[in-house]
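One letter stands for each residue in the lines below.
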Amino acid sequence: MFICMDYYEGETLKNKIKRGPIKVIDAIDITIQICQGLSSAHDANEIHRDIKPENIMITTRGEVKIVDFGLAKLANQTQLTKSGTTLGTVAYMSPEQATGNPVDGRSDLFTLGVILYEMLAGVRPFEADESIAILHKHVYEAPTPIEQLRPGLSGPTLHVINVCLQKDPARRFETAGGLVAAIDRALQVEGQQ
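To keep things clear, this report deals only with the structure shown in the data block. Here the structure is a predicted model, which means the values were calculated and not measured.

Take the packing of aromatic side chains next. Within the structure shown, the criterion is met by one aromatic pair. With 6.2 Å between their ring centres and 15 degrees between their planes, Phe 110 and Phe 126 make a pair best called stacked. Of this pair, Phe 110 sits in helix H4 (residues 105-121) while Phe 126 sits in the loop between H4 and helix H5 (131-140), and the two are 16 residues apart along the sequence. The burial state of Phe 110 is the same as that of Phe 126; both residues are buried.

Attention now goes to the nonpolar core. One finds Leu 13, Ile 34 and Met 119 to be the most contacted residues of the largest nonpolar core, which totals 44 residues. Not counting chain neighbours up to four residues away, the residues in contact with Ile 34 comprise Leu 13, Ile 56, Val 64, Ile 66 and Leu 112.

To continue, consider the environment of Ala 181. Tracing the backbone through its elements, the reader meets Ala 181 in helix H8 (residues 176-192). With 149 residues separating them in the primary sequence, Ala 181 and Ile 32 have C-alpha atoms 9.0 Å apart.

Rules used throughout
- Residues numbered from 1 in each chain as written.
- Predicted model: local features only at pLDDT ≥ 70, side-chain atom pairs only at ≥ 80, totals over all residues.
- Heavy atoms only, no water.
- Phe/Tyr/Trp six-rings, centres within 6.5 Å; stacked < 30°, edge-to-face > 60°.
- Helix = DSSP H or I, 4+ residues; strand = E, 2+ residues; numbered from the N terminus.
- Buried < 20%, exposed > 50% of the residue type's maximum accessible area, 1.4 Å probe, protein only.
- Core = buried A, V, L, I, M, F, W, Y, C linked by side-chain atoms within 4.5 Å.
- Contact = heavy atoms within 4.5 Å.

Here is the structure:
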């Protein structure tokens with residue numbers, strides 16, 4: 001018996017973010033690639049539930065790879081964990097995940113919005129000293145508008161972030177594919193600026 005895993009030469013997105021805010025075009029490209037990976041997972045009815053910069057590898061060729069599907073679960077499957085429990089990384093949880101409610105692909109899209117915000121602003125949208133305070137912010141508070149931290153972002157980029165960070169999953173992009181189309185429009189506009 002043995003386990004076989006892919007090895008990717010490169011760095012985590014967390015390490016890239018540590019160096020400071022990322023160029024807008026690069027952040028959008030990374031987001032598109034993450035979204036394409038999530039779209040494939042969601043098409044297979046798999047929800048990651050722990051998307052975070054540590055679980056995103058950027059290879060030396062600039063390819064983005066989503067890793068660590070350890071908390072993933074199949075959509076519409078009976079609970080793999082005790083009902084009402086929260087699993088994931090507090091700083092990146094969707095509101096429904098933070099409150100122990102059922103999740104679907106839109107939960108991963110909320111988290112992707114948190115990551116895009118962090119790539120562009122250099123800070124996460126929901127910060128606090130204690131985990132419970134961070135969870136409270138995820139569920140009840142609006143983040144500082146990113147345009148205050150990173151002026152000059154295009155309307156389509158702001159739209160993507162704002163829709164991803166909606167508290168109510170019904171107000172987010174319905175699918176990763178829908179988000180890809182919106183973020184692609186943002187890439188086109190940012191590329192012209």
